[in-house]
Amino acid sequence: MGTKNNSDSTDSAGGGSNQMWGGRFAAAPDALMERINASIGFDKALYAQDIAGSVAHARMLGDVGILSDADVTAICDGLAGIRDEIEAGTFEFKTELEDIHMNIEARLTERIGDAAGRLHTARSRNDQVATDFRLWVRDAVDAADDALKALQTALIDQAEVHADWVMPGFTHLQAAQPVTAGHHLLAYVEMFGRDRSRFSDARARLNESPLGAGALAGTGFPIKRDMTATALGFDRPTANSLDSVSDRDFVLEYLAAAAICAGHLSRLGEELVIWSSAQFRFARLSDAFSTGSSMMPQKRNPDAAELIRGKTGRVLGAFVALSTVMKGLPLAYSKDMQEDKEPVFDAAEALMVCVAAATGMIADLTFDRERLAAAAGEGFTTATDLADWLVREAGVPFRESHHITGRVVALAEEKGCGLEDLALAELTAIDERISNAVFDVLGVDNSVRSRNSYGGTAPDNVRAQVISARERFLK
Ligand code: ARG
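Overview of the structure.

Definitions and limits used
Residues numbered from 1 in each chain as written. Predicted model: local features only at pLDDT ≥ 70, side-chain atom pairs only at ≥ 80, totals over all residues. Heavy atoms only, no water. Helix = DSSP H or I, 4+ residues; strand = E, 2+ residues; numbered from the N terminus. Rg over C-alpha atoms; globule rule 2.2 N^0.38 Å. Buried < 20%, exposed > 50% of the residue type's maximum accessible area, 1.4 Å probe, protein only. Contact = heavy atoms within 4.5 Å. Areas by Shrake-Rupley, 256 points an atom, 1.4 Å probe, with all protein chains shown as cover. Lys, Arg positive; Asp, Glu negative; His and termini not counted. Charge placed at Lys NZ, Arg CZ, Asp CG, Glu CD. Near = heavy atom within 4 Å. Polar contact = N/O pair within 3.5 Å; in protein donor to acceptor, adjacent residues only side chain to side chain. Core = buried A, V, L, I, M, F, W, Y, C linked by side-chain atoms within 4.5 Å. Arc of directions from axis to C-beta. Axes fitted to C-alpha atoms, helices over the stretch in contact; angles between N-to-C directions. Parallel < 35°, antiparallel > 145°, perpendicular 65-115°, else oblique. Left-handed = near helix turned anticlockwise from the far one by under 90°. Nonpolar A, V, L, I, M, F, W, Y, C, P; charged D, E, K, R; others polar. Pairing = 2+ DSSP bridges. Phe/Tyr/Trp six-rings, centres within 6.5 Å; stacked < 30°, edge-to-face > 60°. Lys NZ or Arg CZ within 6 Å of the ring centre and 35° of its normal.

As a further point, take the overall build of the protein chain. Regarding its fold elements, the protein chain presents 22 helices and six strands. The C-alpha atoms of the protein chain give 31 Å as radius of gyration, which overshoots the globular expectation for 475 residues (23 Å, by more than 25%). Considering only C-alpha atoms, the protein chain reaches an extent of 100 × 50 × 40 Å along its principal axes. The buried share among the 475 residues of the protein chain stands at 48%. A fraction of 74% describes how many contacts in the protein chain between residues 6 or more apart in sequence connect residues 24 or more apart. Only carbon and sulfur atoms are counted for the fraction: they give 52% of the accessible area of the protein chain, which is about 22100 Å². Counting 48 positive and 69 negative side-chain charges, the protein chain places the centres of these two groups 1 Å from one another.

This is the structure in structure tokens:
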């Protein structure tokens with residue numbers, strides 16, 4: 001690759017020095033220098049933001065009289081033409097021009113001549129890239145919010161349909177107490193709601209404009225930073241020029257929120273894997289979200305759910321990668337910071353495909369009502385209901401009722417039956433305060449119906465929570 005680059009660079013740079021910053025250089029960079037230095041291979045993804053930033057900057061320079069109206073028009077028209085070329089796929093990206101900023105500026109020079117050279121007045125690539133990247137991350141935050149809202153919609157719709165479908169609730173993946181499927185799904189609605197709120201917090205802090213910070217120290221030109229900030233949809237300009245070009249905490253916040261969200265998605269993916277397994281059979285993924293095995297004809301594999309689980313590593317990895325890049329950098333800009341982009345692009349792509357796939361899988365998911373209800377009663381899941389009944393109906397202290405219930409469970413286990421299958425005589429033999437009325441709470445439906453404390457699993461609660469979740473998250 002080095003050899004290939006060598007000939008490329010010599011040809012296309014014409015054997016001379018860099019046309020953007022080569023004034024003091026006699027020779028062209030080594031091919032390896034170009035290879036380690038160039039970011040155009042990935043930062044071309046910032047072209048739209050770079051052009052928007054340049055248009056705002058040019059208009060502001062016109063407003064303060066640094067550029068003539070004719071120059072501003074030529075620059076803005078030229079940039080619009082370049083955007084069309086990039087979107088049409090006809091723009092030729094050049095490695096020897098390093099990055100998106102210089103590729104666009106060089107092309108602008110080809111298109112409009114001298115005026116292009118005036119665009120970079122009172123600006124550096126350092127504030128330029130910081131601006132572009134903030135705009136990009138802001139879009140990524142907004143896209144994540146929209147996608148998570150769609151996922152919440154699918155979860156809430158399914159929760160409504162399954163408000164009173166009983167299933168086992170687990171702790172330690174051991175059957176614990178019966179819950180409703182709607183309640184279980186709404187748990188994820190809360191998690192993704194907090195993820196959205198983390199993204200929105202990050203957005204509020206990142207929405208300041210670094211443009212005009214210059215290379216690091218600001219500029220002596222009479223620029224109007226408020227004007228460019230407003231034009232780009234920022235709330236205000238950043239307050240400190242050194243900080244503006246040297247921090248990437250806005251990216252780290254996005255990645256931290258993304259990593260936590262990916263962790264939530266991964267847990268949901270894991271549940272789908274478990275629920276759809278032949279051993280559990282709680283739910284069935286649609287054909288659209290299952291894959292077959294090339295060897296075993298009976299298989300329906302939950303690949304998408306597994307990949308949602310698997311892609312968490314990339315997202316968290318991106319956070320770790322960028323925090324490692326940033327630690328220990330002295331102020332202000334260092335080229336290390338060019339390493340900020342690829343992990344984020346990769347993480348954002350992974351996050352978006354995971355949220356979309358989760359949305360599709362949840363929307364299509366079909367639960368097996370009978371299987372869920374049967375499993376809900378396995379493992380003596382209503383034992384707590386019996387213990388609570390003794391407290392409530394017979395005035396037994398909870399510690400004692402816990403002990404009595406333990407003996408009832410041991411008996412049922414010994415007989416190989418459920419709690420509700422024991423005869424009243426067998427129960428009264430353990431404790432004479434137990435009466436026939438106890439059978440009301442030993443069934444799973446009664447169990448879930450009784451758990452109507454705020455936030456509890458009772459079907460009526462779930463129906464109320466569905467309404468409240470739509471109100472809180474989907475307005
Ligand atoms: N491609 C560079 C980056 O992404 C742009 C800023 C370059 N600044 C500089 N002083 N070399 O970080």
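In this section: the site of the ligand. Around the ligand sit Ser39, Asp43, Asp99, His101, Arg125, Asn126, Val129, Tyr333, Lys335, Gln338 and Lys341, and that is every residue in its neighbourhood. Asparagine 126 places a side-chain nitrogen or oxygen 2.8 Å from a nitrogen atom of the ligand. Here an oxygen atom of the ligand and a side-chain polar atom of tyrosine 333 are 2.4 Å apart. Protein contacts shield 86% of the accessible area of the ligand, which totals 340 Å² for the unbound molecule. With three residues, helix H8 (residues 125–161) is the single largest residue contributor to the shell around the ligand.

Bringing the nonpolar core into the picture now. In this structure, Phe199, Tyr254 and Leu265 are the most contacted members of the largest nonpolar core, which totals 97 residues. Among the elements that make up this core, the one with the highest residue count is helix H12 (residues 249–275) (16 residues). Residues within four places of leucine 265 in sequence aside, it is in contact with Leu151, Phe192, Ile308, Leu351, Cys354, Val355 and Ala358. Formed by 19 residues, the second largest nonpolar core is a distinct cluster that contains Ile404, Val409, Cys417 and Val438.

Along helix H16 (residues 369–377), the positions that sit buried rather than exposed are Arg371, Leu372, Ala375 and Ala376. Projected onto a plane normal to the axis of H16, the buried residues spread over an arc of 135° and lie on a single side. Along its buried surface, H16 packs onto strand E1 (166–171), strand E2 (174–180), strand E6 (366–367) and helix H21 (444–450). One side-chain oxygen at the N-terminal end of H16 lies 3.3 Å from the backbone nitrogen of glutamate 370; it belongs to aspartate 368.

Take the packing of helix H4 (residues 47–63) against helix H6 (residues 100–112) next. For any two helices packed against each other, one specifies the inter-axial angle together with the distance between the axes. Packing of H4 against H6 leaves a shortest axis separation of 10 Å and a crossing angle of 60°. Between H4 and H6, the angle falls in the class oblique. Seen from above, H4 lies across H6 with right-handed handedness. Facing H4, whose interface residues are Tyr47, Asp50 and Ile51, H6 presents Ile100, His101 and Ile104. Partitioned by chemical class, the residues of the contact of H4 with H6 number four nonpolar, one polar and one charged.

Take the environment of leucine 329 next. Within the element layout of this structure, leucine 329 appears in the loop between helix H14 (312–326) and helix H15 (341–364). Spatially, the C-alpha atoms of leucine 329 and aspartate 84 are 38 Å apart, while their sequence positions differ by 245 residues. Ignoring any residue separated from it by four or fewer positions in sequence, one finds leucine 329 in contact with Ser334, Asp336 and Met337.

Two strands pair when backbone bridges link them, and E1 and E2 are joined in this way by six bridges, in the antiparallel orientation. Bridge assignment links phenylalanine 170 to a residue of E2, and that residue is alanine 175. Counting the residues between successive antiparallel strands, the hairpin from E1 to E2 contains two residues, one of them, histidine 172, with a positive phi of roughly 60°.

With respect to the secondary-structure elements, aspartate 71 resides in helix H5 (residues 69–88). Judged by its relative accessible area of 13%, aspartate 71 is buried. Engagement of the side chain of aspartate 71 in a polar contact is seen with the side chain of arginine 118, the distance being 2.8 Å. In contact with aspartate 71, not counting residues within four places along its chain, are Ala115 and Arg118.

Here the focus is the side chain of arginine 248. Its place among the elements puts arginine 248 in the loop between helix H11 (241–246) and H12. Using a relative accessible area of 1% as the deciding quantity, one classes arginine 248 as buried. Setting aside chain neighbours within four positions, we find arginine 248 in contact with Val129, Ala130, Phe133, Met326, Tyr333, Met337 and Asp340.

A word on the packing of aromatic side chains. One pass over the full model with this rule turns up eleven aromatic pairs. With a centroid separation of 5.0 Å and an interplanar angle of 75°, the aromatic rings of phenylalanine 280 and phenylalanine 282 are classed as edge-to-face. The structure contains a cluster of three or more aromatic residues connected by ring pairs, namely Phe133, Trp136, Phe250 and Phe345. Over the face of the ring belonging to phenylalanine 234 we find arginine 138, whose NZ or CZ atom lies 5.1 Å from the ring centre. One cation-aromatic arrangement involves lysine 341 over phenylalanine 133; the distance from NZ or CZ to the ring centre is 5.8 Å.

Attention shifts here to unusual backbone geometry. In the segment running from leucine 331 into alanine 332, the intervening peptide bond is cis, with an omega of 5°. On the secondary structure map, alanine 332 appears in the loop between H14 and H15. One non-glycine residue with positive phi stands out, namely glutamate 98, at about 65°. When you line up the elements, glutamate 98 lands in the loop between H5 and H6. Here glutamate 98 falls in the buried class, since its relative accessible area comes to 5%.

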